[in-house]
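The residues making up each chain are set out below.
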Amino acid sequence: MADETDNGVWTADELMHGRGGTETSPSDTSPTGSTTSKVAPGRFSTRKLKGKEKADPMDWGLPGHLTEEEVATFMKFRDEVERRGGEFKNTVYSFGDIEGEAYCLTRWLRARKFKYDDVIAMI
């Protein structure tokens, strides 16, 4: 039996802290053209809403950099997509084969700043 990391499903902890020894972005180049680097295990950042440390704004809302509230919204959205299925699911996962589930769902959520009702209305 394959574990969840083999089939592309991210756990809540991985969504907040990243996956050990892997990149936290789907490619080596960000949309702005800057390169991302591989992060050593245990060196992942978590975006803090009211912390003293500043997070890189390019990491906001990406898998491996979610807050607990964002993870809760992510899980709720993922369950809703699976529940509705059909064209709703096909629309959400239109680029899912290329980017993977976690990046696909967070793309939709970032578009509406993780406001669940706004994401559902948009689709």
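Residues numbered from 1 in each chain as written. Predicted model: local features only at pLDDT ≥ 70, side-chain atom pairs only at ≥ 80, totals over all residues. Heavy atoms only, no water.

A.B. asks: Explain the pattern of salt bridges residue by residue, including any values.
C.D. replies: Any two side chains of opposite charge can pair if their charged atoms end up close together. This model, assessed by the stated rule, comprises five salt bridges. A salt bridge links Arg83 to Glu80, with the nearest nitrogen and oxygen atoms 2.6 Å apart. Placement of the pair is Arg83 and Glu80 together in helix α2 (residues 68-84), with a separation of three residues, close to one helical turn. Judged by its relative accessible area of 60%, Arg83 falls in the exposed class. Across the pair Arg84 and Glu80 runs a salt bridge whose closest N-O atoms are separated by 2.6 Å. Linking Arg84 with Glu80, this pair stays in helix α2, spanning four residues, or about one helical turn. Shared partners join several salt bridges into a network, and the residues in it are Glu80, Arg83 and Arg84. (Salt bridge = Lys/Arg side-chain N within 4 Å of Asp/Glu carboxyl O. Helix = DSSP H or I, 4+ residues; strand = E, 2+ residues; numbered from the N terminus. Buried < 20%, exposed > 50% of the residue type's maximum accessible area, 1.4 Å probe, protein only.)

A.B. asks: Break down the packing of α2 against helix α5 (residues 101-111) for me, citing the residues and quoting the values.
C.D. replies: α5 packs onto α2 with a crossing angle of 105° between their chain directions and a minimal axis gap of 10 Å. Classified by the angle between their axes, α2 and α5 sit roughly perpendicular to one another. Residues Thr73, Phe74, Phe77, Arg78 and Val81 of α2 lie in contact with α5, whose contacting residues are Glu101, Ala102, Leu105, Thr106, Trp108 and Leu109. Classifying every residue of the contact of α2 with α5 gives seven nonpolar, two polar and two charged. (Axes fitted to C-alpha atoms, helices over the stretch in contact; angles between N-to-C directions. Parallel < 35°, antiparallel > 145°, perpendicular 65-115°, else oblique. Contact = heavy atoms within 4.5 Å. Nonpolar A, V, L, I, M, F, W, Y, C, P; charged D, E, K, R; others polar.)

A.B. asks: With reference to specific residues and values, describe α5.
C.D. replies: Burial within α5 is extensive, with eight of its eleven residues counted as buried. All of the buried residues in α5 are Glu101, Ala102, Tyr103, Cys104, Leu105, Thr106, Trp108 and Leu109. Packed against the buried residues of α5 are α1 (12-17), α2, α3 (86-92), α4 (96-99) and α6 (116-122). Positive phi appears at Lys113, one or two residues downstream of α5, with a value of about 50°.

A.B. asks: Can you tell me about the packing of aromatic side chains, naming the residues and giving the values?
C.D. replies: To describe a pair of aromatic rings, you give the distance between the ring centres and the angle between the ring planes. According to the stated counting rule, one finds two aromatic pairs in the structure shown. On the numbers, 5.9 Å between centres and 90° between planes, the contact of Trp10 with Tyr103 is edge-to-face. Taken together, the residues Trp10 in the segment before α1 and Tyr103 in helix α5 connect sequence positions 93 residues apart. Given a relative accessible area of 7%, Trp10 falls into the buried group. Between Trp60 and Phe114, the aromatic rings sit 5.7 Å apart at their centres with planes inclined by 85°, giving edge-to-face as the arrangement. Of this pair, Trp60 sits in the loop between α1 and α2 while Phe114 sits in the loop between α5 and α6; the two residues are 54 residues apart in sequence, bridging distant segments of the chain. The class for Phe114 is buried, based on a relative accessible area of 9%. Above the face of the Tyr116 ring, Lys76 is positioned so that its terminal group lies 4.2 Å from the ring centre. Over the face of the ring belonging to Phe88 we find Arg84, whose NZ or CZ atom lies 4.6 Å from the ring centre. (Phe/Tyr/Trp six-rings, centres within 6.5 Å; stacked < 30°, edge-to-face > 60°. Lys NZ or Arg CZ within 6 Å of the ring centre and 35° of its normal.)

The quantities given are spatial measurements derived from coordinates; they are silent on function.
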